[in-house]
Each structure stands twice: as C-alpha cells, then as structure tokens.
Amino acid sequence: MAENGRWLTVWKSYDLNRDSVLIFDSRHPGKPVGYRTNVKSIAFTGTGQLLIKRSGQAELLDSEGQTAACYKGVKQLHVLNNKKQFVLHYDEDGDSRIELRDVNGDLINALDHVSRFYVTGDDPVCAVVKNEKNGFEVFRLKGKIKEKVYGCAHEILSLDIDPGRKGMMIHEQNPDNGSREVLYLDLKTKTVFPLKEVLPVSFQNGFSEVVREGNAYFLRLWVNEKKEDTSPVDIWYGNDNRLEEKFHLPVRELYYLWEPRAKKVQRIGNNQFTKNANIGNDRYFLSFDPYLLQDYTREVAPLKLERYDRIKEAYSVIDTISSRLYTSPEGRYALSFKNNTWYVCHIPSGTFRTVGSNRLTAPYFTRDGKTVLFEGEGGLWRYDLQEEELVQLTDFEGYRVTVLNGTSRITLRGFSFFEKTIDIQKPLVLRLDDPRENRSAYLLWKNSRLDTIIPSTTKRIQSLNYNRSFTCFSWLEENYNLPPRLVYREIGEAETILYQSNKQDKAILSLRQEIISYTNGDGFPLKGILYFPVGYDPSQKYPMVVHIYEKQHQLANRYPYPSYDEGLGFNIRLFLEQGYFVYLPDILIQGKNGPGIDALDCVNNALDALTGNPLIDKERIGLIGHSFGGYETDFIATRSTRFAAYVAGSGHSDIIWAANAFNYNFHFPDYVRIEANMYKLGVPFFADKDLYLKNNPLYRAEKVNAPVLLWTGLADQNVTSDHSMAFYNALRRNKKEVIVLFYKGEGHSLQNMQNQFDLTSRILDWFNYFLEGDTDIRWINKGIRTKDAP
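Read on for an overview of the structure. Being a predicted model, the structure only gives us computed values, none of them experimental. Numbers given to residues run from 1 along each chain, matching the order in which its sequence is written. Given that this is a predicted model, residues contribute local features only at a pLDDT of at least 70 and side-chain atom pairs are listed and counted only at 80 or more, while totals for whole chains, interfaces and linings are drawn from all residues. To get the side-chain values, take all heavy atoms of the structure and skip hydrogens and water.

Time to look at the sheet that holds strand β40 (residues 460-466). Each strand in a sheet pairs with another by means of backbone hydrogen bonds, the pair being arranged parallel or else antiparallel. One open sheet holds the four strands; their spatial order is β40-β41-β42-β43, and the pairing between them is antiparallel. Edge strands, defined here as strands with exactly one partner in the open sheet, are β40 and β43 (496-500). Ignoring which end each strand starts from, the neighbouring axes of this sheet average 20° apart. Strand pairing requires that DSSP identify at least two bridges connecting the strands. Helix and strand assignments come from DSSP, with helices taken as H or I runs of at least 4 residues and strands as E runs of at least 2, each series counted from the N terminus. In the sheet, strand β41 (residues 472-479) pairs with strand β42 (residues 482-490) via seven bridges, with the strands oriented antiparallel. When the bridges of β42 are listed, Asn479 appears paired with Leu482. To get an axis, fit a line to the C-alpha atoms, keeping to the stretch in contact for a helix; angles then go from 0 to 180 degrees between the N-to-C directions.

Rolled over the atoms, a probe sized like a water molecule indicates the empty space that remains. A 1.4 Å probe that fits but cannot get out identifies a cavity on a 1 Å grid over protein atoms alone, an open set with protein on both sides within 12 Å along at least five of seven lines counts as a pocket, and a residue lines either if it has an atom within 4 Å of a point. Grid points are joined across faces, edges and corners, and a volume is the space filled by probe spheres set on the points. Quantified by volume, the second largest pocket comes out at close to 1,400 Å³. What lines the second largest pocket is a set of 44 residues, and nearest its centre among them are Arg242, Glu244, Glu245, His248 and Tyr291. Broken down by secondary-structure element, the contributors of at least two residues to the lining of the second largest pocket are β21 (216-224), β22 (251-259) and β51 (668-669). The greatest single-element share of the lining of the second largest pocket, amounting to three residues, is contributed by β22. Residue polarity follows a fixed list, in which Ala, Val, Leu, Ile, Met, Phe, Trp, Tyr, Cys and Pro are nonpolar, Asp, Glu, Lys and Arg are charged, and the others, Gly among them, are polar. In terms of residue class, the lining of the second largest pocket is made up of 17 nonpolar, nine polar and 18 charged.

In summary, the pairing rule links any two rings of Phe, Tyr or Trp, Trp by its six-membered ring, whose centres are within 6.5 Å, and it sorts them by plane angle into stacked for under 30 degrees, edge-to-face for over 60 and tilted for everything else. Under the criterion given, the structure shown has 40 aromatic pairs. Taken together, a centroid distance of 5.7 Å and an interplanar angle of 55° make the contact between Phe643 and Tyr646 tilted. This pair shows no difference in class: Phe643 is buried, exactly as Tyr646 is. Here the aromatic residues Tyr326, Phe337, Trp342, Phe374 and Phe418 are joined through ring pairs into a cluster of three or more. The criterion is that NZ of a Lys, or CZ of an Arg, lies within 6 Å of the ring centre and within 35 degrees of the ring normal, and then a charge sits over that ring. Directly above the aromatic system of Tyr343 lies the positively charged group of Lys338, at a separation of 5.7 Å from the ring centroid. The ring centre of Trp779 lies 4.9 Å from the NZ or CZ of Arg762, which sits over that ring. Summary of the burial criterion: residues with accessible area below 20% of their type's maximum are buried, those above 50% are exposed, and those between are partly exposed, where the area comes from a 1.4 Å probe applied to protein chains only.

Looking now at the nonpolar core. Leu530, Met544, Val546, Tyr583, Ile636 and Phe643 are the most contacted members of the largest nonpolar core, which totals 54 residues. Take this core: its biggest share by element is six residues, from helix α2 (residues 595-608). Those residues within four positions of Phe643 in sequence are excluded, and the remaining contacts are Val546, Val603, Leu607, Ile621, Gly622, Leu623, Ile636 and Ala706. Buried Ala, Val, Leu, Ile, Met, Phe, Trp, Tyr and Cys residues that are joined via side-chain atoms within 4.5 Å together make up what is termed a nonpolar core. Every residue pair with non-hydrogen atoms within 4.5 Å of one another is taken to be in contact.

Turning next to the side chain of Asp505. Within the fold, Asp505 resides in the loop between β43 and β44 (513-519). By the criterion applied in these results, polar contacts are pairs of N or O atoms within 3.5 Å in which, for protein atoms, one can donate a hydrogen and the other can accept it, and in which residues neighboring in sequence qualify only through two side-chain atoms. In this structure the side chain of Asp505 is engaged in a polar contact, spanning 2.5 Å, whose partner is the side chain of Tyr559. Residue contacts for Asp505: discarding those within four places in its chain leaves Tyr559 and Arg573.

Bringing the packing of α2 against helix α3 (residues 628-637) into the picture now. Working note: a packed helix pair is described by the angle between its axes plus the distance between those axes. In contact at an axis separation of 9 Å, α2 and α3 are set at 80° when each is read in the N-to-C sense. Viewed along their axes, α2 and α3 adopt a mutual orientation that is roughly perpendicular. Between α2, through Pro595, Gly596, Ile597, Ala599, Leu600 and Val603, and α3, the contact on the second element is made entirely by Phe628, Tyr631, Glu632, Phe635 and Ile636. Class assignment of the residues belonging to the contact of α2 with α3 gives a composition of nine nonpolar, one polar and one charged. Under this scheme an angle from 65 to 115 degrees is roughly perpendicular, one under 35 degrees roughly parallel, and one over 145 degrees roughly antiparallel; angles in between are oblique.

Within strand β6 (residues 57-62), five of the six residues are buried, leaving the element largely enclosed by the surrounding structure. As paired strands, β6 and strand β7 (residues 67-72) are joined by six bridges and run antiparallel to one another. The partner of Gln57 across the bridge, within β7, is Lys72.

Moving on, we come to the environment of Phe86. With respect to the helices, strands and loops of the structure, Phe86 is situated in strand β9 (residues 85-90). A sequence separation of 16 residues divides Phe86 from Asp102, and the C-alpha atoms of the two residues are 6.4 Å apart. In contact with Phe86, not counting residues within four places along its chain, are Leu51, Leu60, Tyr71, His78, Val79, Leu80, Glu99, Leu100, Arg101, Asp102 and Gly105.

To continue, consider the sheet that holds strand β13 (residues 125-130). Strand order across the open sheet formed by four strands is β12-β13-β14-β15, with antiparallel pairing between neighbours. Edge positions in the sheet fall to β12 (114-119) and β15 (145-152), since each has one partner strand and no second. Here the average twist between neighbouring strands, direction ignored, is 20°. Two strands pair when backbone bridges link them, and strand β14 (residues 136-142) and β15 are joined in this way by seven bridges, in the antiparallel orientation. Residue pairing across strands places Leu141 opposite Lys146, the latter belonging to β15.

Here the focus is the pattern of salt bridges. We define a salt bridge as a side-chain nitrogen of Lys or Arg found within 4 Å of a carboxyl oxygen belonging to Asp or Glu. Overall, the coordinates contain 44 salt bridges when judged by the stated rule. Residue Asp282 is joined to Arg212 by a salt bridge in which the shortest nitrogen-to-oxygen separation is 2.1 Å. Pair noted here: Asp282 is in the loop between β24 (275-277) and β25 (284-288) and Arg212 is in strand β20 (residues 205-212), with a separation of 70 residues, a long-range link. Classification of Arg212 as partly exposed rests on a relative accessible area of 31%. Here the residues in one salt-bridge network are Arg212, Glu259, Lys264, Asp282 and Arg310, joined through shared partners.

Once that is clear, we can look at the pairing of β14. Of all seven residues making up β14, six are buried, and the element is well covered by its neighbours. The pairing of β13 with β14 spans six bridges and is antiparallel. Of the residues in β14, the one forming a bridge with Val129 is Glu137. The hairpin formed by β13 and β14 contains five residues between the paired strands, and Asn134 there has a positive phi angle of roughly 60°. Adjacent in sequence and paired antiparallel, β14 and β15 are bridged by two residues, among which Gly143 carries a positive phi angle near 60°.

Structural data, given as structure tokens:
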C-alpha cells in the first residue's frame, strides 16, 4: 500500500505461478486500474509511483495515469527509506551500472562496473566497483556527489555499514589461501584498520555486529577444520551428545570483540563455551556450550548460560534456560520463561526476580530499556524494571492479545535469542484472538484510547498493511463461503471493499458449514468442522470423508479453493463438488492412554456427535490423514469398524521402531517426537512397553477390516517410506485389501506438480470406488482381490 493509502497492490496466486500483480485505486473500488505479469518484486515511492521488477527489466509506473518508464536489463532495484529516490542495478550488458534516480525517474547519479551495492538508511548508496586494472573500489553516491572511499587489489566480497554511517567493515578475498580479510574503514578520516594486524588467524567467512558504533564490533568468524580421521569406520559412542556434527563439515566458530581504532581484539568464549551472543553491551556477553545438556529427549536442549565479563575476563553462571531468551536493547536485562514463570535477570549483577503473572506471553522492551510491554491472555501489561511493578494496561478478557508493530532482532542465529523492542511513542497495532469462537479483531491503541481497525469477526484476516501515520489500513479477508477480497479503511471512516476475487465462484456462496461440539472421553470440549456437499439435496444421503491430524477447527474460516500445491492429495473443495460431506474433527492427545487410543476416542465421539444428521450415510464414511494423521489413520484402521475405506500418507506404522530410530531429516535420535512432541507417550519404550504395544498400528494389522491406500515419498527422511512398506507388508501378509503408492524423489509431502495431481486424483478415485461404488477404476481393480466394492 502506498503511504497516502490511495494505491494498493495484490498478488494473484495460481497453482502454476504467483507472479501476477493487480493495482487498485482506493477512490474507485470494484476493479483494478492496472495489472502486470512476470513480476518479481514491487515497491512504492513516497509520491505513489510503483516501481516494478519484472523479468529482465524494471518499470516506474505512474499509478494514476498508468504510464510507465521502462528500464531494460535491470537485475535489482531498491527504493530508499526516504521514498524520494531509488536505485537500479543493470546486468552485464548494461555495464553492471547502478543509477540513482528520483521519484520522477530523472537520473541523479550513476556508476559503472558495480558488482554489488548497499543501502543503509536513506542515503548514501555504497557500491563495490571492479576497475579496469581488476582491482576493486568502494564508492558512495549521495545525491549528485560521487565519492571514492576505498580501493584495493583483492576482491571485495561484502560490506557491513554502520547504521550511523561512521564507518564500514570491508570483507576481502585473499587469493592465496581462499580465506577472508576484514578491515574497518573510518568514513570521516578514510583511515583503514586491518583486522589481521591484531588477529593473525585465517578464517573462511566472517560476520560483524555493531556493539558501540565507531569503536567496538562483535565478530563471528568461521574456521574450517579438516577431518584428520581417515579410518574406514565411523564410530558412534554412547556418550556422544554432538551427533549433528557427523552430518556436516566441521566448522569452528570464533568470537571476538574488536576495537579498530584502539587496535585491540579480545576473544569472547573459549574452547568450552563455543557459542556467544552479542546482547548490545560492550562489557557483558552470554556464552554457553550448546551440547552440554543435550540428551535428545527434549525438543530443545536446555542451555546453561554463562555471563562473560570482558573487563574482568571472567565467566559466571547466569541461569539454565529451556527455551527463548529476550534481551533489552543495551544488554542490561534478560527475560526467560520456565516453570510457568517469567524471570528477569539484571545481567551486570546477575540477580533475578520474577514477574508475577502466568497470563503473560511475548515481551517487548521499550527502546530506553527501562520497561517491558507484555502481550498476554486477556490484555496488555507493562512491567517497570526499576520499580519492579506490573500493571495491566488494557482489559480484553477472553482474548489473546498480540502486538503487530514491534521489531525483532535475532541476537544469535540458530537459537531463540531475541531483542524485541517497541516504540511506545507510537500507536500500537493489536490483534485480539478468541480461540474458542475462532474470532479476531484488530485495534489501534494509543494512550489508553482504542480505535477499531477491524471489528471482531470470524473471517480469516491476512496481510494487514498500514502507513507510517497509522491512518490508512488495508487487508485481505476470506471465509469458508467467501472468496478472498481486498478491503481498505481509513480511521474514522467506513471500510471499502476494493476487490472481490473469484466472482465466478457462485457455488461457494451457498456452501453450508456447521461447527460440531463434542467432548473426548474425559470430558474435554472439542470441535469439528462439518462441510455439506455443494448443492446437496436434503432428501438424499451422502458419503463422508473424515480428515484427522490435531486441532483443526481454527481452519473453519479458510476459503476452500481447488488446489494441488500442498502436496498432500486432500482438497476439501474437490470432495464437496463430488458430493461428499467433509468432516475435520479435533484430536486431543493427552498422553495418559497413548496417541492412538486418544485419537480413536476423539474420532468416535466426533462421529457420535453427527448421529442426528440424516443426510450422512453411516455405511459410507472414509478416513484420511497425513504424517501424524497418517499414524492416527493406520491405528484407527486396526481398531474401528466405522469406516469403509482409509487413506494414510507418510505416517509411522511402528512407533516402537520410530522411537529408537535416527531422524536423518533433523539429524538426531527420534526419542523426543515419540516421548513428547505430538505423540506424548511420556516415557521410553523400555519403561512402559505395554503402552507402546497398545498404540502400535503394525502389531494389529490383522484386525483391519476395510481397504487401505498408503502413500509415501521414497526420499522422505522425516518419516521414512519403510513405515508405509512395513504396514503394506503386514496387511498383504494378512490378505487385506491394500495398495501403496511410492513417489520417486519425493519427500514428506509432494513437490512435483504432476505427482501432486496424480496423488489427488488417486485419493479421489479411492473414495469414489469404496464409498460411491464407482468400480470402473482400472488401477484399483488391478490391485484388490474383491471386484465388488462395499
């Protein structure tokens, strides 16, 4: 959306591509004023022109007049933050030229032979240029000024520019040994400070972060280590807690604090504490061994954090955390959540205190680092770090509150360490979710005043946009009987529907859906989504397909359009158009009786809740699931007599094997997935064998009494195809009706479009055969023993 709210763009999505863009004028709703195809990226200037990157060219489009200036051979473009200028980067046929142009397209500055360019803030633009002598130079373009700031003989690989533009890190390639060299350039004095003068260590890659601009920088350097072991045998030891390292080249990370002007460097971390986080404090850093507490029985290994004081050159234990860590902008405070309590650590002193409410969710530090704003269940809270006082700012009882316009920075990649901040001088954009009723609302909150952006609705809201002044808003909304549409609103004004997609889809307008309420065997309330066949006749009976996974009722407001690109072979719309009921019941896995028995209990109760519906033919119900839903389907097939056909995709058929197998997708033993995660068995197989045996589909294959279609990808490393093969073999050995589809080169879900179409078609065939009696399907007839369908 343009800053003035007048011009908006929407990407159209098809199975084959997503490269078409429609352009709208908020003053003239109803139809687009323009469109473009083969679009790679788009950006608005401050005056509403649209800059479009297409295949091999760029366009500057005047949105009102729909006139365009075309620039051939452009491979990259960028609109500056001030929205008053933009940069075009041409391909080699255009001499790798960059051009700085104003919003009218007038040329301001240009530079040839540019390998890459960088933009920090509004200006200037920094560019790396290869000169005629095969050397490299760095230029700055600011308005009409073109300034060379650095030159060298080595290839310049990248630049890291200070946010305040006091200086930059320059990464060069050393042609002799393939390593990198880093230097700091003071942009005011043009003085160069090479890192190699104080750190004679070769490294293959490096990253820098500002700690104190112009003075101190945090370096993360990668050093490749050669494997010295040339033995033909790979030995796995029983006490090895670093199994992931067996699957990638060994890389050692070294961390340093570099003070270029002082010509000093200090190592952060050591051979024991191999991971280190820059928290924005030039004295204190967080260090830890990521494998110290790894035993592969938890989804995330706990981390024993140490505080490194670089002045005293000493480590001290801070805390052991189990999940995420949030630090304040200047690195004085850290927040972590464990044992249902938020803990605040004052990093300089190492002292802790608790924040007393279990309704708090994600925290945001204010930019001065003195206050924390908490999202939460039922409202927003403010915690004063100095006064240690927690105050509820808003009361939204029954809603989960989320802040949408905070900022988030990852302080250590690969780990859940964040610096999340909020500018409380600006309004807050809030989303309120009621998970019980599947409703949401969007509000603007400033100084205790609330303005409604979107009233509470059951529609699905996506792609909320707003301008910098928080006066104009746009979004996409849809529902089960409403195709996606583009909506625009200004604060204080009524909303306007700018565009309704899929107007030809008249059938969806009369689609009937019911939310079915039921409980599991222990009385926990659950819900299911029941879709009625398109154009159903109330005097007829219809078959039904039941899809299972976990909780699904939140999907009730999705527009069901026919698509194959999810790669799972199940599409609600296709079944509704073929005359089926489709039912998506919630499954609650509690862990007491095991996942299979819990799933069976929930499905039985969900079906019982439909007994008053005379349109559903209880003799023609099919069950389908994928992944965890595939396991649930396999298990239910061994215990139930309520289904006439089954389809299970990429599911575990043997959880005893799975619990002790190695997951080659994530590179760790699969204990955690079975003992915790989705399956929630709680204990290893050896501690309660009976629990595992009762919930293992493979061991009751002889009890299956309806045809089973299995499918899997032969390249699946998450749930290997051996599970589908084993269940197929067990069913075949017991003379059950079974067919398995092995898709070559496919993983956990199908990516190839032809395979997606094939799977979708075969699943529809399967249910048509066994639920509709359409027995003239050759590929099924070829593989079953009985020619008469149930």
